[in-house]
Amino acid sequence: MSAEKAWDSDTVCRHQGRWIIAQLNIKEYAMYEPKEIFVNTSRCTACKTCEISCAVAHSRSGDLYGALSEKPAPKRRLYVEWVSPDENVPILCRHCEDAPCMHACISGAISRNKESVVITDSDKCIGCWTCVMVCPYGVIGRHLETHKSYRCDRCPDRETPACVSSCPTKALVYRTVETFSKDVRRDAASKILAGEGG
Amino acid sequence: MLLLKYLPAKGGKMKRDCPDYLIIGGSAAGMAAAQAIKEKDPKGIVTVLSEEPDRPYFRPLIPYVLMGRKKAESIELLGNGPYTSAGIEVRTVARVDQVDISGKSVNIKGNGRLSYGKLLFATGSRPNIPSGIEGIDANGVFALRKLSDARAMAQRAESTEHAVMLGGGLLNLKAAFALLELGIKVTLVVYSPEVLSQLMEPADAGLIRNALDKAELKIITGCSAKGIISDKNGVTGVFLDDGSEMSCQMVCIGKGTRPNIEFLSGSEIAIDKGIVVDKYTACNKPDIFAAGDVAVTFEPVTGDRIMTGLWTNAVEMGRCAGYNITGTKTAYSGTFGIMNATQVADEPFVSMGIVHTKDTAYEVHVSAAKSTYRKVVFSPDGERLVGVLFIGDITGAGMYRYVIRGNMQIGRIKSHIMNHTLHYGHFLKG
């Protein structure tokens, strides 16, 4: 089947695990590949700047001093954990392809937006914690004051999520899978070359 | 003459009269399957038959409709959460009473036959109404299962001062809290020694029980109802097997569920309490599948055949059946007989896997504090996690589910499981 037949007008379809946006004229369709947050654990020093900037980005005031005095206190949505003996691992929502939280939700509060980000509508959330029960990454938080669950929303109002842009060591990067793997390959290649040279 | 072109071609069938995929049942399993089918076969014609008058809705939200916190329209399923696919035809008030397997058609009660290409049974379950209680047909006796029950209960609630709930399971507790919120006095009559006996042992239920007591829910344990008394206006009271009697204007029954399989009686579909399926959710006849509460599934740890009545399980199995019915072979990984998360009276809890350990050889670790209770259950050799019960603090519960379900050798992470310090980094770098 030709591409013209498969995508006619204004369709947004999932194809081979990627979102493809086809608009009006098929010839103009752009392959839309969402960016992901990648973690380079070897660069993480557990300074937790990402956690703080995440909480600030999700505060009402939007700045650190305002956020500190807010009640209920703004929450971070990623967690820098430590694995013995010396590994630091920032853990964050992967916005899973077949998101278990989204399918498990008993109130239809969790959906995927057109940027492929899994979002929780807190108006619809009833605080049953089913999402907490099924998330294999353990990254869905419970807001006890509001009785709602919360999670990474990839900072919809920012070009780059707050955690990534604040990370001083570039342990967090925001790329498409394609460019990230290209970078990893280049990095590996340069290491091999450097090794040979030395 | 002009009209002729709208008629089907000679000898051909109009496509909508013979959907490629026919799904009987428009709740969790049926709608999740419909959505999954549309993902794999966007052009396939999918028809869902639901016997209810309401369009598909999130069934677990009906207590919120009862208590008036949500409106019926706001709990509609299509268009919310992952249910975004267009082109799923849903027919309401369409109850299937017979299936012709060799002729590939079903009979819709009072509405003729409908042919199909492939068929999915997702007829779910209904409340189990015990037969030994006198006067149970009285007006004002409910089992909160459908949106129509919630509406009827809400109406009856207006003239109810005291409601008696028979059964101490989660569904009845949720109904009880909805009634409490409406300002009704509620008494829970539980045959077991403690509430939520399916999800935890009496010794584990202390925090939950305290929370229920604090919420002023009256609980009578070790007791069951013998009969219901009524007059022309409906229920006036309940008498119990200990000889006592209570006056009340409403009774709500929460005594488990039964699979809806009657429409298959006399058919060649294999039944063993529920509909028997293989690990690809297929029935014993070609092109026929089953999922959700009506299907018999298996427990991944013990391999036991089980049936569950949980929305989340039904969705998972329905999605799997949806893939299989389109020809994308997908093995269903089974589900825990016990799995639930919720919050009763401000006390969150998660219970999954094997949590009933009295007189067993399992290795059990319990840590109880003022506001939290944790019970972790390992296999007798201590090398695998088989169940957890968390009350109060349920942080990261999904990771424990992942460990139990994967039947993982826990090795070094065991201490983290016991101390509730487990995080995903342990799987990445452990």
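What counts and how
- Residues numbered from 1 in each chain as written.
- Chains lettered and ligands numbered in written order.
- Predicted model: local features only at pLDDT ≥ 70, side-chain atom pairs only at ≥ 80, totals over all residues.
- Buried ≥ 20, exposed ≤ 12 C-beta atoms within 10 Å, placed from the backbone.
- Helix = DSSP H or I, 4+ residues; strand = E, 2+ residues; numbered from the N terminus.
- Pairing = 2+ DSSP bridges.
- Contact = placed C-beta atoms within 7 Å.
- Arc of directions from axis to C-beta.
- Axes fitted to C-alpha atoms, helices over the stretch in contact; angles between N-to-C directions.
- Domains from an automatic or database assignment.
- Core = buried A, V, L, I, M, F, W, Y, C linked by C-beta atoms within 7 Å.

Asker: Could you clarify how one ought to interpret the pairing of strand β27 (residues 385-391) of chain B in this entry?
Answerer: Consecutive side chains along a regular strand alternate between the two faces of the sheet. Residues and elements named next belong to chain B. In terms of residue burial, β27 counts as a mostly covered element, since 7 of its 7 residues are buried. The pairing of strand β24 (residues 347-353) with β27 spans 5 bridges and is classified as antiparallel. Residue pairing in the sheet places glycine 353 in a bridge with glycine 387 of β27. Bridge count for strand β26 (residues 373-378) against β27 is 6 bridges, and the pairing is antiparallel. Bridge pairing in β27 links lysine 375 to leucine 389. Between the antiparallel neighbours β26 and β27 lie 6 residues, among them glycine 382 with a positive phi of about 75°.

Asker: Honestly, the interface of chain A and chain B in this entry has me stumped. Any pointers?
Answerer: Opposite the 29 residues of chain A that make contact, chain B presents 34 residues. At the level of elements, β5 (79-83), β6 (87-91), α4 (100-104), β7 (110-112) and α5 (130-134) of chain A are the ones that each hand at least two residues to the side of chain A that touches chain B. At 4 residues, α5(A) tops the list of elements feeding residues into the side of chain A that touches chain B.

Asker: Would you mind showing me how to read helix α3 (residues 147-157) of chain B here?
Answerer: For an α-helix the count is 3.6 residues per turn, leaving residues at separations of three or four pointing the same way. Residues and elements named next belong to chain B. Of all the positions in α3, only Leu147, Ala150, Met153 and Ala157 are classed as buried. Buried residues of α3, seen end-on, are gathered within an arc of 120° and therefore sit on one face of the element. At its buried positions, α3 is contacted by α2 (62-66), β9 (141-142), α4 (170-181) and β16 (250-253).

Asker: In this structure, what is going on with the sheet that holds strand β15 (residues 245-247) of chain B? I would like to understand it.
Answerer: Picture the strands of a sheet paired through backbone hydrogen bonds; they go either parallel or antiparallel. All names here are of chain B. As summarised here, the arrangement of the 3 strands in space is β13-β14-β15, forming an open sheet in which the pairing is antiparallel. Edge strands, defined here as strands with exactly one partner in the open sheet, are β13 (225-231) and β15. On average, adjacent strands in this sheet sit at an angle of 25° to one another, irrespective of strand direction. The sheet contact formed by strand β14 (residues 234-240) and β15 spans 3 bridges and is antiparallel. Paired with glycine 237 across the two strands is serine 247, which belongs to β15.

Asker: For this particular structure, what's the right way to read the environment of B:Ser224?
Answerer: Here B:Ser224 lies in the loop between β12 (218-221) and β13. On a C-alpha basis, the gap between B:Ser224 and B:Asp242 in space is 8.1 Å, while along the polypeptide they are 18 residues apart.

Asker: What exactly am I supposed to notice about the domain arrangement of chain B here?
Answerer: How big an interface is tends to be reported as the loss of accessible area on association of its parts. Its domain assignment divides chain B into domain 1 (14-55 + 75-126 + 258-325), domain 2 (141-255) and domain 3 (354-429). Each of domain 1 of chain B and domain 3 of chain B has a C-alpha centre, and the two are 35 Å apart.

Asker: Sorry if this is basic, but what is going on with the pairing of strand β7 (residues 118-121) of chain B here?
Answerer: Residues and elements named next belong to chain B. What you see with β7 is no split at all: Lys118 and Leu120 on one side and Leu119 and Phe121 on the other are buried throughout. With 3 bridges joining them, β7 and strand β20 (residues 288-290) adopt parallel strand pairing. Bridging from a neighbouring strand, leucine 119 pairs with isoleucine 288 of β20.

Asker: Just checking my understanding: could you explain the nonpolar core for this structure?
Answerer: Soluble globular proteins: nonpolar side chains tend toward being buried together. Ranked by size, the top nonpolar core spans 174 residues in total, and within it A:Cys101, B:Ile23, B:Ala33, B:Leu120, B:Val251 and B:Ala291 carry the most contacts. Apart from residues no more than four positions distant in its own chain, B:Val251 is found in contact with B:Gly140, B:Val141, B:Val164, B:Leu166, B:Ile228, B:Val235 and B:Val238.

Asker: Which parts of the structure should I look at to understand the environment of B:Tyr116?
Answerer: Residue and element names in this part refer to chain B. By secondary structure assignment, the location of tyrosine 116 is in the loop between β6 (112-115) and β7. You can call tyrosine 116 buried: it has 21 C-beta atoms within 10 Å. Between the alpha carbons of tyrosine 116 and cysteine 18 there is a distance of 4.9 Å; along the sequence they are 98 residues apart.

Asker: I keep staring at the sheet that holds β20(B) and nothing clicks. Help me out?
Answerer: Residue and element names in this part refer to chain B. As summarised here, the arrangement of the 5 strands in space is β3-β2-β1-β7-β20, forming an open sheet in which the pairing is parallel. Only two strands of the sheet have a single neighbouring strand rather than two, namely β3 (88-91) and β20. Across the sheet, the mean angle from the axis of one strand to that of its neighbour is 20°, orientation sign disregarded. Where strand β1 (residues 21-24) meets strand β2 (residues 46-49), 4 bridges bridge the pair, whose relative direction is parallel. Pairing of isoleucine 24 across the sheet is with leucine 49, part of β2. Its contacts with the sheet place helix α1 (residues 28-40) against β1, β2, β3 and β7, and it is angled at close to 175° to β2.

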